[in-house]
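Summary of structural features
Chain residues, written in single-letter form:
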Amino acid sequence: MYDIKWIRDNSDAFDAALARRGLAPHSADILKIDEERRTLIQTLQDAQTKRNSASKEIGKAKASGDEAAAQKLMDEVAQAKSTIQSGEEQQREIDARLREALSTLPNAPLDDVPAGEDESDNIEVRTWGEKPSLSFSPKQHFELGEDLGLMDFDTAAKLSGARFVVLKGALARMERAIAAFMLDIHTGPEKDGLGGYQEMLPPAIVWDETMYGTGQLPKFADDLFQVQGFELDRDEFERLSKKYPEIQDEYGVLAWFDLIMAATYDDKNIIDKSLKLIEQSVDEEDRESVRNLTSGFKRWLIPTAEVPLTNMVRESIVEEGDLPMRMTAWTPCFRAEAGSAGRDTRGMIRQHQFSKVELVSITTQDQSLDELERMTGCAEEVLKRLELPYRTVVLCIGDMGFGARKTYDIEVWLPGQDMYREISSCSVCGDFQARRMNARYRAKDDPKDIRYVHTLNGSGLAVGRTMIAIMENYQNDDGSITVPEALRPYMGGLETIAAG
RNA sequence: GGAUGGGUGGCCGAGUGGUUGAAGGCACUGGUCUUGAAAACCAGCAGGCGUGCAAGCGUCUCGGGGGUUCGAAUCCCUCCCCAUCCGCCA
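Cut-offs and rules
Residues numbered from 1 in each chain as written. Chains lettered and ligands numbered in written order. Predicted model: local features only at pLDDT ≥ 70, side-chain atom pairs only at ≥ 80, totals over all residues. Heavy atoms only, no water. Helix = DSSP H or I, 4+ residues; strand = E, 2+ residues; numbered from the N terminus. Buried < 20%, exposed > 50% of the residue type's maximum accessible area, 1.4 Å probe, protein only. Contact = heavy atoms within 4.5 Å. Areas by Shrake-Rupley, 256 points an atom, 1.4 Å probe, with all protein chains shown as cover. Phe/Tyr/Trp six-rings, centres within 6.5 Å; stacked < 30°, edge-to-face > 60°. Lys NZ or Arg CZ within 6 Å of the ring centre and 35° of its normal. Patch = residues over 30% accessible without salt bridge, like charges linked within 9 Å, V, L, I, M, F, W, Y side chains within 5 Å. Salt bridge = Lys/Arg side-chain N within 4 Å of Asp/Glu carboxyl O. Axes fitted to C-alpha atoms, helices over the stretch in contact; angles between N-to-C directions. Parallel < 35°, antiparallel > 145°, perpendicular 65-115°, else oblique. Left-handed = near helix turned anticlockwise from the far one by under 90°. Nonpolar A, V, L, I, M, F, W, Y, C, P; charged D, E, K, R; others polar. Pairing = 2+ DSSP bridges. Core = buried A, V, L, I, M, F, W, Y, C linked by side-chain atoms within 4.5 Å.

Points about the overall build of chain A
Tallying secondary structure elements over chain A gives 16 helices and 18 strands in all. The dimensions of chain A, computed from C-alpha atoms along their principal axes, are 100 × 65 × 40 Å. Put simply, chain A has 500 residues, and 48% of those count as buried. Pairs at least 24 residues apart make up 72% of the contacts formed inside chain A by residues separated by at least 6 positions. For chain A, the accessible area works out to roughly 24,900 Å², and carbon and sulfur atoms hold 47% of it.

What follows is the structure, encoded as structure tokens:
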């Protein structure tokens, strides 16, 4: 979310930022809306001023018993009122237009972010570790897992469809072990740029507003899973629809039909619209029943713990002394993968459900750039301790997410695929999410100085992909897998996973 | 699912139609006192938007939305959330 005032003063810089994202200039359109909005506000406020002062006069006139003067003032107010009413309506409409325009644009990249179209333009900043030299032809993780009898995609498909997996035995345990191992690193004492994160266990189901705060909504609803359900009161529906059979919507469709379809397909907007229409058309005595015809529920499954963790500071003002706030959580993540049909269809790389240990930092405006380096280091530390070779790249603009100003991806080496694959993504969002969330902090030296926080998020790490990396890097020629030393305490001392 | 009670400033909490943007307290900031600190005392202290070089002025906001009224935190409607009790239940 951009600051309209900033756009006003820096329209060229704004359009330049969009251009770097490959977007057409928007400042002219936005400033036109802004101009319109400000003119409207001015007239609206003038009318309100008139109404307010006249109302006070009325109070005085009535108190002093001057009914004639009061009556005259009341006529004046009545006139102002109609101006106000239509003005408020117009303002709601124009506010929505401005919000829509501002909230669907991606964040501006930092100056040092490389230009580029896609992942081939990302720039490697460092590599770590030795790729294992295997004396045999390495297998991919799903071959290893299936051969061990511990990774079952067929049964998962029976239960839930494509892009799910059932892990068994030592692999199921390894998921838990990896997560605990990572959490212990991040929640350890704050030292040498590591640790200091507070462990959280947040909800995995959230409101629209929460998704809006971190930028998943309104643009990326297709990537998310929804949890929803609406119920119709059938008896009342039958009674009312028989009593008032003729109510039609603007297309000449029966409102009752709209309502029952909307309830069947859980479309809250159409439900509300139909109910309003019906309510207006029935007798007074039935209005209440109409309102209570449906009951319902609509939420979203989180695609990452970034969503609930970052939104913890939504609609709040924190003290500067409490920053940086560092939080970590191991949660399930749910992604529709709508745009990924046909990509990574085999194996565990891309699933509808996976678990991840997430890192989130809420910082002051001065801290966020350093925090990005620190956070990336915390994520890399996990791979170092597991002795998994990786490289860190800085994403080019075209590969960067909607809310990010700069992103490092950490890519782990996968011998079975003979390539590096993303296992973590650490981003600094500046005040982009904070504006959407209205999350602010009070400056230490000046209590009146209230600023937007900066937010960062990063995987520390994706648990399933870490398991894949362990399996492929630690595989032996007999198809068994050596458990990395650091993980053994979490696996009850188990050293090797072999077919039983 | 049934019954009741609630949602007010950074926090707690008063306030049922007329200078109430809102008493009081806590927290915070400045000052007095003190060797220093604490305590005590004095003063300041909501956010957004518009306008202005600024001081300021205007306007909106007491869970969200709509309505009644000349005037709403206060009345009405609706949605959401929270709490307690009962029922059910991992």
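Considering the packing of aromatic side chains
Taken as a whole and assessed by the stated rule, the structure comprises eight aromatic pairs. Ring centres of Tyr-2 and Phe-14 lie 5.0 Å apart, and the angle between their planes is 85°; this geometry places the pair in the edge-to-face category. In this pair, Tyr-2 sits in the segment before helix H1 (4-9) while Phe-14 sits in helix H2 (residues 11-20), placing the two residues twelve residues apart along the sequence. Among the residues examined, Tyr-2 registers a relative accessible area of 8% and is labelled buried. Looking at Phe-14, the relative accessible area reads 0%, which means it is buried. Here the aromatic rings of Phe-181 and Tyr-490 are separated by 5.7 Å at their centres, their planes lie at 80°, and the arrangement is edge-to-face. Of the two residues, Phe-181 sits in helix H7 (residues 169-186) while Tyr-490 sits in the loop between strand S17 (481-482) and strand S18 (496-497), which places them 309 residues apart along the sequence. The buried category is assigned to Phe-181, whose relative accessible area is 5%. In this structure Tyr-490 comes out as partly exposed when scored by relative accessible area, which is 24%. Residue placement shows Arg-299 over the ring face of Trp-207; its charged tip is 3.8 Å from the ring centre. It is Arg-436 that lies over the ring of Tyr-212; its NZ or CZ is 4.6 Å from the centre.

As for a nonpolar patch on the surface
On the surface, Leu-254, Phe-257, Met-261 and Tyr-265 cluster together into a nonpolar patch covering about 420 Å² of accessible area. Along the chain, Phe-257 falls in helix H10 (residues 255-264).

Section: the packing of H7 against helix H14 (residues 368-385)
Between H7 and H14, whose axes approach to 10 Å, the crossing angle comes to 130°. What the angle tells us is that H7 and H14 run oblique. Regarding H7 and H14, the two cross each other, and that crossing is right-handed. Packed against H7, whose contacting residues are Phe-181, Met-182, Ile-185 and His-186, the element H14 presents Cys-378, Glu-381, Val-382 and Arg-385 at the interface. A per-class count over the contact of H7 with H14 returns five nonpolar, one polar and two charged.

Let's talk about the environment of Pro-308
Among the secondary structure elements, Pro-308 is positioned in helix H13 (residues 306-310). Using a relative accessible area of 8% as the deciding quantity, one classes Pro-308 as buried. When sequence neighbours within four positions are dropped, the list of residues in contact with Pro-308 reads Pro-202, Pro-203 and Ile-302.

Overview of the pairing of strand S11 (residues 390-394)
Taken across its five residues, S11 has four buried, putting it largely inside the fold. Sheet analysis places strand S1 (residues 123-128) next to S11, joined by five bridges and oriented antiparallel. Bridge pairing in S11 places Trp-128 opposite Tyr-390.

Thoughts on the pairing of strand S16 (residues 454-462)
With respect to burial, S16 is a largely interior element, nine of its nine residues being buried. Both strand S13 (residues 419-428) and S16 contribute to a ladder of three bridges, which runs antiparallel. Across the sheet, residue Val-428 finds its bridge partner in S16, namely Leu-456.

Some points on the nonpolar core
In this structure, Leu-487 and Ile-497 are the most contacted members of the largest nonpolar core, which totals 61 residues. Sort the elements by how many residues they give to this core and H7 lands first, with ten residues. Ranked by size, the runner-up nonpolar core spans 26 residues in total, among them Ala-17, Leu-18, Ile-33 and Leu-217.

Re unusual backbone geometry
Between Leu-217 and Pro-218 the backbone carries a cis peptide bond, its omega angle lying at 5°. Counting through the fold element by element, Pro-218 comes out in the loop between helix H8 (208-214) and strand S6 (226-232). Along the chain, Gly-460 connects to Leu-461 via a cis peptide bond; the corresponding omega equals 10°. With respect to the helices, strands and loops of the structure, Leu-461 is situated in strand S16. The phi dihedral of Asp-344 is positive, around 50°, even though this residue is not glycine. Topologically, Asp-344 is positioned in the loop between strand S9 (325-334) and strand S10 (353-363). Of note, Asn-438 is a non-glycine position whose phi angle comes to about 55°, a positive value. Mapped onto the fold, Asn-438 is located in the loop between helix H15 (432-437) and strand S14 (439-442).

Here we look at the pattern of salt bridges
Taken as a whole, this structure holds 26 salt bridges when the rule is applied. Here Asp-34 and Arg-38 are joined by a salt bridge, their closest N and O atoms 3.5 Å apart. Highlighted residues: Asp-34 and Arg-38, both in helix H3 (residues 27-63), separated by four residues, approximately one helical turn. Between Asp-431 and Arg-435 there is a salt bridge whose closest N-O contact spans 3.1 Å. Residue class for Asp-431 comes out partly exposed when judged on its relative accessible area of 23%. Accessibility expressed as a relative area gives 19% for Arg-435, which makes it buried. Here the residues in one salt-bridge network are Arg-8, Asp-34, Glu-35 and Arg-38, joined through shared partners.

It is worth stressing that arrangement in space is one thing and function is another; only the former is reported here.
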